[in-house]
Amino acid sequence: NCFTRLDRTTQLKEFLKNDQKSNLFDIDVAIKVCRDASYVDEALQLAKAHRKHDACLSILTEDMGQFEEALSYIESLACADAERSIKRYGSVLMSNCPTRTIALLKKLCTEYATNARNSTQGRDALTVADLLSDVNINDDGGHGNPEEFIHLFDDTELLIDFLEHLTRFVPASSQCVYSTLIEHYLYKWRESSAVEEKLLDLLKFNTERYDKNHALAQCRVHEFWPGVMYLYEEDKLYHLIIRHYLRHRQYDELLACCRKLAHNNASLWLLTLNGLKNDAQAPAHLFNQILQVISQKRLQAPLQVLDCLAVDQGPTF
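Notes on the structure follow. In this text the structure is predicted, and so the values were computed from the model without any measurement.

Remarks on unusual backbone geometry
It is generally the case that most residues other than glycine have a negative phi and that most peptide bonds are trans. One non-glycine residue, K236, lies in the positive phi region at around 60 degrees. Within the secondary structure, K236 sits in the loop between α14 (225-234) and α15 (238-247). The class for K236 is exposed, based on a relative accessible area of 59%.

Notes on helix α18 (residues 284-297)
End to end, α18 covers 20 Å across 14 residues, agreeing with the expected 20 Å (1.5 Å per residue, within 8%). Of all the residues in α18, the buried ones are L286, F287, I290, V293 and I294. Take α18 and look down its axis: the buried residues cluster within an arc of 130 degrees, on one side only. Along α18, the residues that are exposed and aim more than 90 degrees away from the buried face are S295 and Q296. Of the residues one or two after α18, R298 is the one with positive phi, at around 50 degrees.

Some points on the packing of aromatic side chains
As enumerated under the stated definition, the model contains 2 aromatic pairs in all. A centroid spacing of 5.0 Å and a plane angle of 25 degrees characterise the contact between F153 and F162, whose relative ring orientation is stacked. The two residues F153 and F162 agree in class, both being buried. With 4.9 Å between their ring centres and 75 degrees between their planes, W189 and F224 make a pair best called edge-to-face. With a gap of 35 residues between them, W189 in helix α11 (residues 175-191) and F224 in the loop between α13 (212-221) and α14 connect regions that are remote in the sequence. With a relative accessible area of 18%, W189 lands in the buried category.

Description of α11
Counted at 1.5 Å a residue, the expected span for α11 with its 17 residues is 24 Å, and the 25 Å between its end C-alpha atoms agrees. In this structure, the buried side of α11 is in contact with α10 (156-169), α12 (196-205) and α13.

Let's talk about the packing of helix α4 (residues 40-49) against helix α5 (residues 53-63)
Remark: α4 packs on α5, axes separated minimally by 8 Å, with the N-to-C direction vectors making an angle of 150 degrees. The angle between α4 and α5 places the two elements in the roughly antiparallel class. As for the relative orientation of α4 and α5, their crossing is left-handed in sense. On α5, the residues that touch V40, A43, L44, A47 and K48 of α4 are A55, C56, I59, L60 and D63. Partitioning the contact of α4 with α5 into residue classes produces 8 nonpolar, no polar and 2 charged.

How each quantity is defined
- Residues numbered from 1 in each chain as written.
- Predicted model: local features only at pLDDT ≥ 70, side-chain atom pairs only at ≥ 80, totals over all residues.
- Heavy atoms only, no water.
- Helix = DSSP H or I, 4+ residues; strand = E, 2+ residues; numbered from the N terminus.
- Buried < 20%, exposed > 50% of the residue type's maximum accessible area, 1.4 Å probe, protein only.
- Expected span 1.5 Å × (residues − 1).
- Arc of directions from axis to C-beta.
- Phe/Tyr/Trp six-rings, centres within 6.5 Å; stacked < 30°, edge-to-face > 60°.
- Contact = heavy atoms within 4.5 Å.
- Axes fitted to C-alpha atoms, helices over the stretch in contact; angles between N-to-C directions.
- Parallel < 35°, antiparallel > 145°, perpendicular 65-115°, else oblique.
- Left-handed = near helix turned anticlockwise from the far one by under 90°.
- Nonpolar A, V, L, I, M, F, W, Y, C, P; charged D, E, K, R; others polar.

As structure tokens, then:
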């Protein structure tokens, strides 16, 4: 404190470098005093020397604005310390160095390695893949919980990229990861149908990984009917599929659905006929095909069929 007040920088540096004297003063207080007196470099030196990770990152991000250096420091930490640090400083790092921060998050949530490589490329020219291979997190087992980092993303594209990486390299990721990916695929689908194939593949090939009720609700909210129909079929809610096609007058899809699903539930033909009887727009050929199947399979007596169709403004043949 005296050195800082008297502005004796050289003596302060020599004093801080003397390891034998470090046990004569409180490290945390010394760091605070140096920062308050604008001896930021000395405070950083002291924090690094005594592995005061939080103080070190606070100085780098708040006092010096050296976000790249802060990321390098986090990458040198053990997994648990790196995870704690990114939780605390992730937002500011994401705002200032998004590409490298995301690379760190991917590494933190999937695997750890100490294979930092010397690259001849400039840091600005590196891709995410390059940065991933450069991340140097010490391996102490396990990996970070991605659910605790999702809130750091305010860009749908970047979040989708992060979640896709997780599902690719950690297929046993939590339901939250898969459900969040489905949700953001749906946001993207509203803007462009290009993501539809990815979304359907995620629903079809990861049925045990996500919450079906949540996925169904999200698909309905976004009116993603291919997903809704798939989930209905998975849960054998065939009557809801029929009801949907009837409501939207999708006659070709309705007929195809009956042909596909009615081999296990022939009553779907009767349900379809009953749903069409008040639809004046239904084409005659549709009734003909349905009635032909009902007759061939003897699903209902002819008089019962006639009674079903005998309604005001019913179909004409």
